[in-house]
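# Reading the structure
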Amino acid sequence: METHSFAGSRTLVKGSYSPETHLLRLWFTSSPDRAYDYPRVPEHIWTGLKAARSPGGYYNDHIRDQFGEPHDPANHWLHR
C-alpha cells in the first residue's frame with residue numbers, strides 16, 4: 001500500500017492506496033486517529049488526489065459521494 005501525507009491540508013491528514021485491490025484509505029483532520037476505507041477507487045483518482053492543490057476540494061469533487069459510504073477498516077490495527 002502506498003501512503004501519502006497531505007501537509008497543510010485542512011481536511012485530510014494522510015491517505016494510502018492499494019493498486020492491487022483499488023482500496024483507498026483516508027484519515028481526516030477531524031478524527032486523525034480513525035481511518036476510512038473507500039473500495040473500488042480507480043488509480044487515477046488516487047493520483048489526482050496526491051497532485052491536487054486542494055486535497056479537500058479534490059476529495060469533495062471526486063471521492064465523496066462517488067464511491068459509496070466510507071467504512072472502518074476490517075483490521076483495527078490498520079487505523080494508524
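Parameters at a glance
- Each chain carries its own residue numbering, running from 1 in the direction its sequence is written.
- Per-residue local features are limited, in this predicted model, to residues with pLDDT of at least 70; the limit for side-chain atom pairs, both in listing and counting, is 80 or more; totals at the level of whole chains, interfaces and linings are taken over all residues.
- By convention in this description, side-chain values take in all heavy atoms of the structure and omit both hydrogens and water.
- Note on aromatic pairs: the rings of Phe, Tyr and Trp (six-membered ring only in Trp) are paired at centre separations within 6.5 Å, and the planes decide the class, stacked below 30 degrees, edge-to-face beyond 60, tilted for the rest.
- Helix and strand assignments follow DSSP, with helices taken as H or I runs no shorter than four residues and strands as E runs no shorter than two, numbered in order from the N terminus.
- Each residue's exposure class comes from its accessible area (1.4 Å probe, protein chains only) as a fraction of the maximum for that residue type: buried when under 20%, exposed when over 50%, partly exposed otherwise.
- Throughout this description, the term charge over a ring refers to an Arg CZ or Lys NZ atom that lies within 6 Å of the ring centre and within 35 degrees of the ring normal.
- Think of a salt bridge as a Lys or Arg side-chain nitrogen and an Asp or Glu carboxyl oxygen that are within 4 Å of each other.
- Each residue gets a pLDDT score, which is the predictor's confidence in that residue and runs from 0 to 100.
- By the convention used here, residues are in contact when the closest approach between their heavy atoms is within 4.5 Å.
- Arc, as used here, means the arc of the directions from the helix axis to the C-beta atoms.

With that out of the way, let us pick up the packing of aromatic side chains. Within this structure, the stated rule accounts for four aromatic pairs. When the centroid spacing of 5.1 Å and the interplanar angle of 70 degrees are considered together, the rings of Phe28 and Tyr59 count as edge-to-face. Of this pair, Phe28 sits in strand S3 (residues 23-28) while Tyr59 is found in helix H2 (residues 55-62), placing the two residues 31 residues apart along the sequence. The pair formed by Phe28 and Tyr59 is uniform in burial state, with each residue classed as buried. Feature note: the residues Phe28, Tyr36, Tyr38 and Tyr59 constitute an aromatic cluster, connected by ring pairs. Lying over the aromatic face of Trp27, Lys14 brings its terminal NZ or CZ to 4.6 Å of the ring centre.

Turning to the pattern of salt bridges, a few remarks are in order. Applying the stated criterion across every chain, the model contains two salt bridges. For Lys50, the salt bridge is made with Glu2, and the minimal N-O distance between the two is 2.7 Å. With Lys50 in helix H1 (residues 43-51) and Glu2 in strand S1 (residues 2-5), this pair connects stretches of sequence that are 48 residues apart. Glu2 sits in the partly exposed class, given a relative accessible area of 36%. Residue Asp37 is joined to Arg25 by a salt bridge in which the shortest nitrogen-to-oxygen separation is 2.6 Å. Of this pair, Asp37 sits in strand S4 (residues 31-38) while Arg25 is found in strand S3, placing the two residues twelve residues apart along the sequence. The class for Asp37 is buried, based on a relative accessible area of 3%. The exposure class of Arg25 is buried, given its relative accessible area of 6%.

Turning to the confidence of the model for the chain, a few remarks are in order. Per-residue confidence for the chain gives a mean pLDDT of 91; residues scoring 70 or more make up 91%. Scored below 50 in pLDDT, residues 76-80 makes eleven contacts in the model with residues more than four places away or belonging to other chains.

The complete set of buried residues in H2 reads Pro55, Gly56, Tyr58 and Tyr59. Seen along its axis, H2 keeps its buried residues to an arc of 165 degrees; they face one direction. As for H2, its buried residues are in contact with strand S2 (12-18), S3, S4 and H1.

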